[in-house]
Amino acid sequence: MDYQGTIIRPPSEADSILLQVTLGCSHGKCAFCGAYQGKRFGIKDRETVVRDIAFAARHCRRQRRVFLCDGDAMILPQPRLLEILADIRRELPWVTRVGTYASAKSLRSKSDAQLAELRAMGLGIVYMGLESGDDMVLAAMGKNGNSATIVEQGRRARQAGFKLNVTVINGLGGVEGSLAHARATATALNAMDPDQIGALSLMLVPGTPLHARHARGEFVLPDAHGMLAEIREMLAGLHLTRGLFLANHASNYLPLKVRLPSGKDAALGEIDAALAGMRRLRGEGVRRL
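In the nomenclature of an unreviewed UniProt entry, the protein is known as Radical SAM domain protein of Pseudodesulfovibrio aespoeensis. As recorded by UniProt, the Cofactor (unreviewed entry) comment attached to the protein reads in full: "[4Fe-4S] cluster".

In structure tokens:
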């Protein structure tokens, strides 16, 4: 497989065939993100992708899912994306689902008919970063689009039939904006009503603008107690019709897997126990991006 630079994929795609069809991120300006440092956005040529699919056809017959890398494969022109999906369907007929990262920008570039066409060709799940429902936080972090725009595009993805997994980042509002960030994020998630929520805890990456702000004292990261109090506020404000709230990423202090709405009260109890010092937290030395 032709992998260029660091390959990023969601935790739930750990067992998927990772097919790199773009390089980097089409936006690449988020202050907190170090995922694609030094990698300019680009589209990989058809010949390379075809060779990788042929490799997967020979060597990846036990893997039932494909994930399209890098940061936002949904941004590909519609004919190119349909071509890739057709190649996967023809060469990897045992694959049951294809997934990709998406953004409000890339989803907005597709019409409703185009999204439906992608769904019909096997694209089954999109992972979209909301990060925060607080527009002040989004602007400060250089995120493309405000919360209303991101919510609208997430709703369009669900209406097209995609399974929607939305990422939020605990701690992104800093100490001062922590609870406002949590409440606004819960409000945006309620409006979007995704199938899954992936909550990560902010870890500052050297070389990013946010790391530099922190070094200058312009951004104060909540401590473990503050992160837990924030995620509790967020979870308490969620009123989804159904779905999963996953805070079991390696960056989180307290791993949580919550089925909503039935498991919400029990999860809040777990957080309260941790805040009271009755639950052991993941140590700083083992937290990972």
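Moving on, there is more to tell.
Enquirer: Give me the sheet that holds strand S9 (residues 243-246): which residues, what numbers.
Expert: On the basis of which strands lie adjacent, the open sheet formed by eight strands has the order S1-S4-S5-S6-S7-S8-S9-S10 and mixed pairing. The open sheet has two free edges, formed respectively by strand S1 (17-20) and strand S10 (257-260), since each of these has just one partner strand. Strand after strand, the sheet turns through a mean of 20 degrees between neighbouring axes, direction not considered. Two strands pair when backbone bridges link them, and strand S8 (residues 196-201) and S9 are joined in this way by three bridges, in the parallel orientation. From the neighbouring strand, Gln 196 faces S9, where its bridge partner is Leu 244.

Enquirer: Can you lay out the side chain of Gln 20 for me, pointing to particular residues and giving the numbers?
Expert: In this fold, Gln 20 is placed in strand S1. Since its relative accessible area comes to 0%, Gln 20 is described here as buried. For Gln 20, the side chain forms a polar contact with the main-chain nitrogen of Gln 4, separated by 2.9 Å. There is a polar contact of 3.2 Å between the side chain of Gln 20 and the side chain of Asp 70.

Enquirer: Let's hear about helix H7 (residues 178-192): which residues, and what values?
Expert: Note on helix geometry: an α-helix contains 3.6 residues per turn, so any two residues three or four positions apart are oriented the same way. The terminal C-alpha atoms of H7 lie 21 Å apart, and with 15 residues this matches the ideal 21 Å at 1.5 Å per residue to within 8%. In this structure, the buried side of H7 is in contact with strand S6 (123-131), helix H5 (135-140), helix H6 (147-159), strand S7 (163-170), S8 and helix H9 (224-236). One or two residues past the end of H7 sits Asp 193, with phi positive at roughly 50 degrees.

Enquirer: Lay out the nonpolar core with the relevant residues and their values.
Expert: Burial of nonpolar side chains together is a common tendency in soluble globular proteins. Counting residues in each nonpolar core, the largest one holds 63 residues, and the members touching the most others are Leu 68, Ile 88, Leu 92 and Phe 245. Here Ile 88 is in contact with Leu 19, Ile 53, Val 66, Leu 68, Pro 93, Val 95 and Val 98, once residues within four sequence places are set aside. Counting 13 residues, the second-largest nonpolar core is a separate cluster that includes Cys 30, Val 137, Ile 169 and Phe 219.

Enquirer: Mind laying out the packing of aromatic side chains, listing which residues take part and the relevant values?
Expert: Overall, the coordinates contain three aromatic pairs when judged by the stated rule. Seen in terms of ring centroids, Phe 67 and Tyr 101 are 5.1 Å apart; in terms of plane orientation they differ by 90 degrees. Their pairing is edge-to-face. Linking Phe 67 in strand S4 (residues 65-69) with Tyr 101 in strand S5 (residues 97-102), this pair joins segments that are 34 residues apart in sequence. Phe 67 gets classed as buried once you look at its relative accessible area, which sits at 0%. Judged by relative accessible area, Tyr 101 falls into the buried class, the value being 16%. With a centroid separation of 6.2 Å and 70 degrees between ring planes, the pair formed by Tyr 101 and Tyr 127 is classed as edge-to-face. In this pair, Tyr 101 is assigned in strand S5 and Tyr 127 in strand S6, connecting sequence segments 26 residues apart. Residues Tyr 101 and Tyr 127 agree in their burial class; the two are buried. Cluster of aromatic residues (ring-pair linked, three or more members): Phe 67, Tyr 101 and Tyr 127. The positively charged end of Arg 287 is found above the aromatic ring belonging to Tyr 253, 4.1 Å away from the centroid.

Enquirer: Which residues make up unusual backbone geometry, and what are the values?
Expert: Residue Asp 70 is reached from Cys 69 by a cis peptide bond, and omega for that bond is 10 degrees. Relative to the elements of secondary structure, Asp 70 occurs in the loop between S4 and helix H2 (78-91). Its identity is not glycine, yet Glu 131 carries a phi of approximately 70 degrees, on the positive side. Structurally, Glu 131 can be placed in strand S6. With a relative accessible area of 9%, Glu 131 lands in the buried category.

Enquirer: Outline H9, supporting the account with residue identities and numerical values.
Expert: With 13 residues, H9 extends 18 Å from end C-alpha to end C-alpha; this agrees with the ideal 18 Å at 1.5 Å per step. All of the buried residues in H9 are Ala 224, Gly 226, Met 227, Leu 228, Glu 230, Ile 231, Met 234 and Leu 235. Packing partners of the buried residues in H9 comprise S7, H7, S8, S9, S10 and helix H10 (264-275). Put simply, Asp 223 is the residue that caps the front of H9, since its side-chain oxygen is 3.2 Å from the backbone nitrogen of His 225.

Enquirer: Account for the packing of H6 against H7, naming residues and giving values.
Expert: Direction vectors running N to C along H6 and H7 enclose 30 degrees, while the axes themselves pass 9 Å from each other. One way to sum up the angle between H6 and H7 is to call them roughly parallel. Between H6 and H7 lies a crossing whose hand is right-handed. Of the residues in H7, those touching H6 at Ile 150, Val 151, Gly 154, Arg 155 and Arg 158 are Ala 188, Ala 191 and Met 192. Residues of the contact of H6 with H7, tallied by class, amount to five nonpolar, one polar and two charged.

Each value, and the rule that gives it
Residues numbered from 1 in each chain as written. Predicted model: local features only at pLDDT ≥ 70, side-chain atom pairs only at ≥ 80, totals over all residues. Heavy atoms only, no water. UniProt positions renumbered as here; feature names shortened; annotations may be inferred. Pairing = 2+ DSSP bridges. Helix = DSSP H or I, 4+ residues; strand = E, 2+ residues; numbered from the N terminus. Axes fitted to C-alpha atoms, helices over the stretch in contact; angles between N-to-C directions. Buried < 20%, exposed > 50% of the residue type's maximum accessible area, 1.4 Å probe, protein only. Polar contact = N/O pair within 3.5 Å; in protein donor to acceptor, adjacent residues only side chain to side chain. Expected span 1.5 Å × (residues − 1). Contact = heavy atoms within 4.5 Å. Core = buried A, V, L, I, M, F, W, Y, C linked by side-chain atoms within 4.5 Å. Phe/Tyr/Trp six-rings, centres within 6.5 Å; stacked < 30°, edge-to-face > 60°. Lys NZ or Arg CZ within 6 Å of the ring centre and 35° of its normal. Parallel < 35°, antiparallel > 145°, perpendicular 65-115°, else oblique. Left-handed = near helix turned anticlockwise from the far one by under 90°. Nonpolar A, V, L, I, M, F, W, Y, C, P; charged D, E, K, R; others polar.

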